[in-house]
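# Structural overview
Residues per chain are reported as follows:
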Amino acid sequence: MSNIQNPMPNRTEPTPPSTTIAEFDTYEEAQALVDRLSDAKFPVEHVRIIGTGLTTVEQVLGRMTYGRAALSGALGGAWFGLFVGLLFGLIIVNSWAWVIWAVLMGAAFGMIAGVVQHAMTGGKRDFSSIRALQAARYGVQVTNEHAAEAVRLMGQAPRAQA
């Protein structure tokens, strides 16, 4: 039998009652508190970080042109081609030609796919971007049965200077 525990809780089990022991403006501050608790040998499987006031932030990276779409598609296709080529290279001895051929074919098909995908937008999304979910505040919660111990350890643990 394995001693590995599932890091994700079973979603069918009810969440045990918890107490918020601290709130922070950034995720990094909340993560630092959990790290301090872990360093103090606190059972961190009873801790969770809750983000509240969620918003979606989309950072625009630049204008998407046919050239950029082709380059992006070619790079993605080349990576896929390298993967396929290496698989063939493991099966067929002395077959570096397969790897090179697969990278070139992957880049070519990726370039075509990138240009076609860009053309299909019809000019409605002529930019590239990255989306992220961001919270206004981050609360550190601990199950009620372990909250007092976590608060005690918070007071003892040395705080990192910002």
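Residues numbered from 1 in each chain as written. Predicted model: local features only at pLDDT ≥ 70, side-chain atom pairs only at ≥ 80, totals over all residues. Heavy atoms only, no water.

### As for the overall build of the chain
This is how it is decided: To qualify as a helix, a DSSP run of H or I must reach at least 4 residues; to qualify as a strand, a run of E must reach at least 2; elements of each kind are numbered from the N terminus. Each residue is placed in one exposure class: buried if its accessible area under a 1.4 Å probe, protein chains only, is under 20% of its type's maximum, exposed if it is over 50%, and partly exposed if it falls in between. When checking whether two residues touch, look at their non-hydrogen atoms; a contact exists if any pair is within 4.5 Å.
Across its full length, the chain holds four helices and five strands. Counting across all 162 residues of the chain, residues that qualify as buried make up 26%. Sequence separation of 24 or more characterises 82% of the internal contacts of the chain that already satisfy a separation of 6 or more.

### Quick notes on the confidence of the model for the chain
Put simply, the rule is: Predictor confidence is given residue by residue as pLDDT, running from a minimum of 0 to a maximum of 100.
Chain-level pLDDT for the chain is 86 on average; 86% of the residues reach the 70-or-more range. Per-residue pLDDT stays below 50 along residues 157-162; that stretch engages in four contacts with residues further than four places along the chain or on separate chains.

### Topic: unusual backbone geometry
Not every positive phi belongs to a glycine, and K41 is a case in point at roughly 65°. Along the chain, the position of K41 falls in the loop between helix 1 (27-39) and strand 2 (47-52).

### As for the packing of aromatic side chains
To be explicit about the condition: Pairing of aromatic side chains here covers Phe, Tyr and the six-membered ring of Trp, requires ring centres within 6.5 Å, and sorts the geometry by plane angle: under 30 degrees stacked, over 60 edge-to-face, intermediate tilted.
Across all of its chains, the model carries three aromatic pairs by this definition. Ring centres of Y27 and Y138 lie 5.8 Å apart, and the angle between their planes is 70°; on these two criteria the pair is classed as edge-to-face. On the criterion of sequence distance, the pair formed by Y27 in helix 1 and Y138 in strand 5 (residues 137-143) is long-range, its members being 111 residues apart. With a centroid separation of 5.9 Å and 80° between ring planes, the pair formed by W98 and W101 is classed as edge-to-face. With W98 and W101 both in helix 3 (residues 96-120) and three residues apart, this pair spans about one turn of that helix. Residue classification places W98 among the partly exposed positions, given a relative accessible area of 35%. Through successive ring pairs, a cluster of aromatic residues spans F88, W98 and W101.

### Quick word on the environment of I112
Secondary-structure assignment places I112 in helix 3. C-alpha separation for the pair I112 and G73, spaced 39 residues apart in sequence, amounts to 7.3 Å.

### Considerations on the nonpolar core
Note the threshold: Residues enter a nonpolar core if they are buried and are Ala, Val, Leu, Ile, Met, Phe, Trp, Tyr or Cys, with the set joined through side-chain atoms within 4.5 Å.
Within the largest apolar cluster, 17 residues are counted, with the highest numbers of intra-cluster contacts made by I21, L33, L37, F42, V47 and V140. Contributing elements (two or more residues each) for this core: strand 1 (18-24), helix 1, strand 5 and helix 4 (144-156). For L33, the contacting residues outside a window of four places in its chain are I21, A22, F24, V140 and M154.

### Considerations on the sheet that holds strand 1
Where we set the bar: Pairing between strands is defined by DSSP: at least two bridges between them are needed. Only the stretch in contact is used when fitting a helix axis, every axis being a line fitted to C-alpha atoms; angles between N-to-C directions are given from 0 to 180 degrees.
Reading across from one edge, 1-5-2 is the order of the three strands in this open sheet, with antiparallel pairing throughout. Edge positions in the sheet fall to strand 1 and strand 2, since each has one partner strand and no second. Averaged over all pairs of adjacent strands, the angle between their axes in this sheet comes to 30°, without regard to strand direction. As defined by bridge partners, strand 2 adjoins strand 5 across six bridges and the pair is classed as antiparallel. Opposite R48, over in strand 5, you have Q141 as the bridge partner.

### A word on the side chain of S128
Along the polypeptide, S128 turns up in strand 4 (residues 127-134). Note on S128: relative accessible area 18%, which makes it buried. Leaving out residues up to four positions away in the same chain, S128 has contacts with Q59, V60, L61, G62 and M64.

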